[in-house]
Amino acid sequence: MVRRLEGVRWGELGARLVLLFGSALRRENPRDVDLVVFADPGSDGEEIALRVMQAVEEAAGAETDVYVVDDPGDVNCFLLHEALRTGVLLYQDEVGREMLVRAVGICYDFFLPREKLGYTETLLGRVLGNAPR
């Protein structure tokens, strides 16, 4: 899949950084392509997503799910973590790298107390009814 997407002109589509993750990295013919795309702050995320979808569907022949980040402060940390943990960096420029660094810092601050306090485990325990209150 990475080879199929090498010819996409990401910068011309409005992307500053592109991460490929999900089943497209594990299967020869995935049902979809999952991307995290960093774009300029204040840009039209929907327009960029549509342009990226069209370009990827033409290059890869698969439906595309695009998550556009135009503000590192509003990033979905769980999705970004998964993309960074399992994904491949397809494209980056200086602005995109800086945005990614800020997003990672924000997500680090988000995850650190959750891990130290066992927040997720405590919440699940309460929902399942086997944790002290």
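Provided above is the structure to which this section pertains.
Notes on the structure in this doc start here. (Residues numbered from 1 in each chain as written. Predicted model: local features only at pLDDT ≥ 70, side-chain atom pairs only at ≥ 80, totals over all residues. Heavy atoms only, no water.)

### Details of the nonpolar core
This is how the line gets drawn: We define a nonpolar core as any set of buried Ala, Val, Leu, Ile, Met, Phe, Trp, Tyr and Cys residues linked to one another through side-chain atoms lying within 4.5 Å. Exposed residues in this analysis have more than 50% of their type's maximum accessible area, buried residues have under 20%, and partly exposed residues fall in between, with area computed by a 1.4 Å probe over protein chains only. Here, residues are in contact when the closest pair of their heavy atoms is within 4.5 Å.
In this structure, L5, W10, V33, L35, V37, V52 and V56 are the most contacted members of the largest nonpolar core, which totals 22 residues. Sequence-distant contacts of L5, that is, excluding residues within four places in its chain, are made with W10, L20, V33, V56, A59, A60 and L90. Core analysis: the second largest hydrophobic core is formed by 14 residues, L19, F38, L80 and L100 among them.

### Describing the state of the cysteines
In plain terms, the rule: Two cysteine sulfurs form a disulfide in these notes if their separation is within 2.5 Å. The helix and strand labels rest on DSSP assignments: H or I over at least four residues marks a helix, E over at least two residues marks a strand, and numbering proceeds from the N terminus.
What the rule picks out here adds up to one disulfide. Here C77 connects covalently by a disulfide to C107, the sulfurs 2.3 Å from one another. Between C77 and C107, the S-S torsion sits near -90 degrees, and that sign places the bridge as left-handed. Remark: C107 occurs in helix 4 (residues 94–117) and C77 occurs in helix 3 (residues 77–86); sequence separation between them is 30 residues.

### With respect to the pattern of salt bridges
Between side chains of opposite charge, a pair can form when the charged atoms approach closely. The test is simple: Here, a salt bridge means any side-chain nitrogen of Lys or Arg that lies within 4 Å of a carboxyl oxygen of Asp or Glu.
Tallied over the full model, the rule gives six salt bridges. R4 is paired through a salt bridge with E28; the nearest N and O atoms lie 3.4 Å apart. With a gap of 24 residues between them, R4 in helix 1 (residues 2–5) and E28 in the loop between strand 1 (15–21) and strand 2 (32–39) connect regions that are remote in the sequence. D40 is paired through a salt bridge with R16; the nearest N and O atoms lie 2.9 Å apart. Residue D40 is located in the loop between strand 2 and helix 2 (45–60), and its partner R16 is located in strand 1; the two are separated by 24 residues in the primary sequence. Owing to a relative accessible area of 22%, R16 belongs among the partly exposed residues under this scheme. Through salt bridges with shared partners, a single network forms among R16, D40 and D93.

### Some thoughts on the side chain of D93
Using the following cut-off: In protein, a polar contact means a hydrogen-donor-capable atom and an acceptor-capable atom, both N or O and within 3.5 Å, with residues adjacent in sequence counting only if both atoms are side-chain atoms; elsewhere, any N or O pair within 3.5 Å suffices.
Within the element layout of this structure, D93 appears in the loop between strand 4 (88–92) and helix 4. The class of D93 is buried, set by a relative accessible area of 17%. A polar contact of 2.8 Å, which involves the side chain of D93, links it to the side chain of R16. Apart from the residues lying within four places of it in its own chain, the contact partners of D93 are A15 and R16.

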